[in-house]
Amino acid sequence: MLEAERTRVFESWIDAHKAILFKVARVYGATHSDREDLFQEIALQVWHSVESYRGDCTASTWIYRVALNTALAWRRKERRHSHGRQDIDAATALLIAPSARDPRLEWIYERIAELDEGNRALALLMLDGFSYREMSQILGLGESNIGMKINRIKATLAAKLAKEVHDEL
Amino acid sequence: MNFDQMLEAWQAQTPYDVNRDALRQALDAEEIRVRRALRMHRRALWFMWIVGTGMAVWAGFWIAITITNGWPAIYAVASGVSLVVFALGVGAIWMGLGRRAELDRNFGNSLQEEARRSLALVDYQLSLARRAIFSVLGVLCFVVGTALFSWTVNKSQNISDVSSGRGWSLFALVFVALAIRALYKGRNERRMRKLKLEARQRHLRDLLAALDARE
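Residues numbered from 1 in each chain as written. Chains lettered and ligands numbered in written order. Predicted model: local features only at pLDDT ≥ 70, side-chain atom pairs only at ≥ 80, totals over all residues. Heavy atoms only, no water.

Let us now look at the overall build of chain B. Looking only at helices and strands, one finds seven helices and one strand in chain B. Counting every position in chain B, which comprises 215 residues, the buried fraction comes to 31%. In chain B, 75% of the contacts between residues at least 6 apart in sequence involve partners at least 24 apart. As displayed, chain B has an accessible area near 13,500 Å², and 65% of this comes from carbon and sulfur atoms. (Helix = DSSP H or I, 4+ residues; strand = E, 2+ residues; numbered from the N terminus. Buried < 20%, exposed > 50% of the residue type's maximum accessible area, 1.4 Å probe, protein only. Contact = heavy atoms within 4.5 Å. Areas by Shrake-Rupley, 256 points an atom, 1.4 Å probe, with all protein chains shown as cover.)

If you want it as structure tokens, here you go:
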């Protein structure tokens, strides 16, 4: 693949699917700087993965795979990373926050981050509307197993929602 | 907020934007890093190849000279040992490279496959840490091989300064001091590395167990 073609594909993926990168970085990174670092690491791995993509799944499925696998490996390397951005001014952040943000989202992200690592991935995929088949491709689990886990996650989130409502009253 | 409202808030979220200049810089830095790493790897490989093969050929040449000139058998034995040690060193490098390629990453892996691959990698790194004493012995063999070889050359050429008793005592002293330091440092580093790897191993096993579990 030519360098220009690779860059074109990468940029179109980032334009269309940057939300996936952000969501994974948000639930697997504990602090803002961790999320910036993980977002960058995922972006770099997506860049490396462009040449391996054969089109046998959708781009969003592929990017989720790369992003989740990177988050898994990133934990191993945590803190060793500064990635060549050490020479960039600290004010030059990679992520630019939208002007308005629904406060309910922070609550959802925090609850997802409380789940164990595998269930965090499932919760993200469930909320993003992936089918069981696609989740199976991304996670490597059987569809029936995914169904059971999703029900469990929904129940956990519903219980937390109920507790939240109860506490507010 | 109920579950439907939660889904609604999720689907309506505005994603963060990406600073294109910072991302471009990160990609450029990554490309430079990858190219540099590849260049260093190739250089190291060539260096080891040239040194290992060169020393093996040189030792072979000395065996031939020893036999042809009818020198004492000890010279041929010393050269032979050097040759075997250098050949083993080159072989070990190739075996190490082969194993690394086997564990290289595949971007199309599912999370479960990736966790298994990572676990296999950690198991392999742990086995290396357990067998690290052989690496230390291997390095010592290289030093001994080089010493034997230089002794052979010096003796056969009657270079008395280096092969004199005082020269060899000094060499032995420096060699023992370096070996003790390397063993001590290596042991501490291995211990720290092992602790980290075992924590990672537990984490991956837990993740795989959680993924396989039918709740």
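Tallying secondary structure elements over chain A gives seven helices and one strand in all. Reading chain A from its N terminus to its C terminus gives the helix and strand order α-α-α-β-α-α-α-α. The burial tally for chain A puts 53% of its 169 residues in the buried class. Within chain A, counting contacts between residues at least 6 apart in sequence, those at least 24 apart form 69% of the total. Per element, the accessible surface of chain A, about 7,600 Å² overall, is 50% carbon and sulfur.

This brings us to the side chain of arginine 111 of chain A. Residues and elements named next belong to chain A. Along the chain, arginine 111 turns up in helix H4 (residues 103-114). Classification of arginine 111 as buried rests on a relative accessible area of 13%. Discounting residues that sit within four places of it in the chain, arginine 111 has contacts with Leu157 and Lys160.

Below, the discussion takes up the interface of chain B and chain A. The interface is formed by 48 residues belonging to chain B together with 71 residues belonging to chain A. Across the chain B/chain A interface, buried area totals approximately 5,500 Å², and carbon plus sulfur atoms make up 64% of it. With its nearest N and O atoms 3.3 Å apart, the salt bridge here joins aspartate 17 of chain B to lysine 18 of chain A. The interface formed by chain B and chain A holds 18 residue pairs in polar contact (both at pLDDT 80 or more) in total. Within the residue set of the side of chain B that touches chain A, elements represented by two or more residues are helix H1 (3-11), strand S1 (17-18), helix H2 (20-69), helix H4 (111-130) and helix H7 (165-212) of chain B. Element by element, the count of residues in the side of chain B that touches chain A is highest for H2 of chain B, at eleven residues. Residue composition of the side of chain B that touches chain A, grouped by class: 24 nonpolar, 13 polar and eleven charged. Judged from the two bridges that link them, strand S1 (residues 95-96) of chain A and S1 of chain B form a sheet pairing that is antiparallel. (Buried area = accessible area lost by both parts, 1.4 Å probe. Salt bridge = Lys/Arg side-chain N within 4 Å of Asp/Glu carboxyl O. Polar contact = N/O pair within 3.5 Å; in protein donor to acceptor, adjacent residues only side chain to side chain. Nonpolar A, V, L, I, M, F, W, Y, C, P; charged D, E, K, R; others polar. Pairing = 2+ DSSP bridges.)

Attention now moves to the pattern of salt bridges. Scanning all chains against the criterion turns up 16 salt bridges over all chains. Measuring nitrogen to oxygen at the nearest pair gives 3.8 Å for the salt bridge that ties glutamate 110 of chain A to arginine 111 of chain A. Measuring nitrogen to oxygen at the nearest pair gives 3.0 Å for the salt bridge that ties glutamate 30 of chain B to arginine 33 of chain B. Of this pair, glutamate 30 of chain B and arginine 33 of chain B both sit in helix H2, three residues apart, which is roughly one turn of that helix. Linked by salt bridges that have partners in common, Glu110, Arg111, Glu114 and Lys160 of chain A make up one network.

Helix-helix packing: each pair is described by the crossing angle between the helix axes and the interaxial distance. Following both chains from N to C, one finds helix H5 (residues 117-127) of chain A and H1 of chain B inclined at 85 degrees, their axes separated by 10 Å at the closest point. The angle between H5 of chain A and H1 of chain B falls in the class roughly perpendicular. For the pair H5 of chain A and H1 of chain B, the contacting residues are Leu124, Met126 and Leu127 of chain A in the first and Phe3, Met6, Leu7, Trp10 and Gln11 of chain B in the second. Taken together, the residues of the contact of H5 of chain A with H1 of chain B sort by class into seven nonpolar, one polar and no charged. (Axes fitted to C-alpha atoms, helices over the stretch in contact; angles between N-to-C directions. Parallel < 35°, antiparallel > 145°, perpendicular 65-115°, else oblique.)

Attention now goes to H2 of chain B. In an α-helix, one turn spans 3.6 residues; hence positions three or four apart end up facing the same way. Residues and elements named next belong to chain B. For H2, with 50 residues, the first-to-last C-alpha span of 72 Å sits near the 74 Å given by 1.5 Å per residue. Among all positions in H2, only Ala22, Leu23, Ala26, Leu27, Glu30, Glu31, Leu45, Gly52, Ala56, Ala59, Trp62 and Thr66 are buried. After H2 finishes, the residue glycine 70 shows a positive phi value of roughly 65 degrees. (Expected span 1.5 Å × (residues − 1).)

Judged by nonpolar contacts, the single largest core of 74 residues is most densely connected at Phe10, Val24, Tyr64, Leu68, Ile108, Ile112 and Leu139 of chain A. Per element, the largest residue contribution to this core is eleven residues, and it comes from helix H1 (residues 3-28) of chain A. (Core = buried A, V, L, I, M, F, W, Y, C linked by side-chain atoms within 4.5 Å.)

A separate point is the packing of aromatic side chains. Applying the stated criterion to the full structure yields seven aromatic pairs over all chains. Across the ring face of tryptophan 47 of chain A, the terminal group of arginine 6 of chain A is positioned such that the distance to the ring centre comes to 4.3 Å. (Phe/Tyr/Trp six-rings, centres within 6.5 Å; stacked < 30°, edge-to-face > 60°. Lys NZ or Arg CZ within 6 Å of the ring centre and 35° of its normal.)

Next up on the list: a nonpolar patch on the surface. Residue and element names in this part refer to chain B. A contiguous nonpolar surface patch, about 370 Å² in accessible area, is contributed by Trp46, Trp49 and Ile50. Here tryptophan 49 lies in helix H2. Residue classification places tryptophan 49 among the partly exposed residues on the basis of a relative accessible area of 35%. (Patch = residues over 30% accessible without salt bridge, like charges linked within 9 Å, V, L, I, M, F, W, Y side chains within 5 Å.)

This paragraph deals with the confidence of the model for chain A. The share of residues in chain A with pLDDT of 70 or more is 88%, and the mean pLDDT across the chain is 85. This model gives residues 84-88 of chain A a pLDDT under 50, and the stretch forms eight contacts once residues within four places in sequence are excluded. (pLDDT = per-residue confidence, 0-100.)

Looking now at the packing of H4 of chain A against H1 of chain B. Interaxial distance between H4 of chain A and H1 of chain B falls to 9 Å at its minimum, and their mutual angle equals 105 degrees. With respect to each other, H4 of chain A and H1 of chain B are oriented roughly perpendicular. Note on element contacts: H1 of chain B touches H4 of chain A through Gln5, Met6, Ala9 and Trp10 of chain B, opposite Arg104, Leu105, Trp107, Ile108, Tyr109 and Ile112 of chain A. For the contact of H4 of chain A with H1 of chain B, the per-class residue count stands at eight nonpolar, one polar and one charged.

Turning next to the environment of serine 110 of chain B. Positionally, serine 110 of chain B belongs in the loop between helix H3 (73-102) and H4. Setting aside residues no more than four positions away along its own chain, serine 110 of chain B makes contact with Asn69, Gln137, Ile138, Leu139 and Gly140 of chain A.

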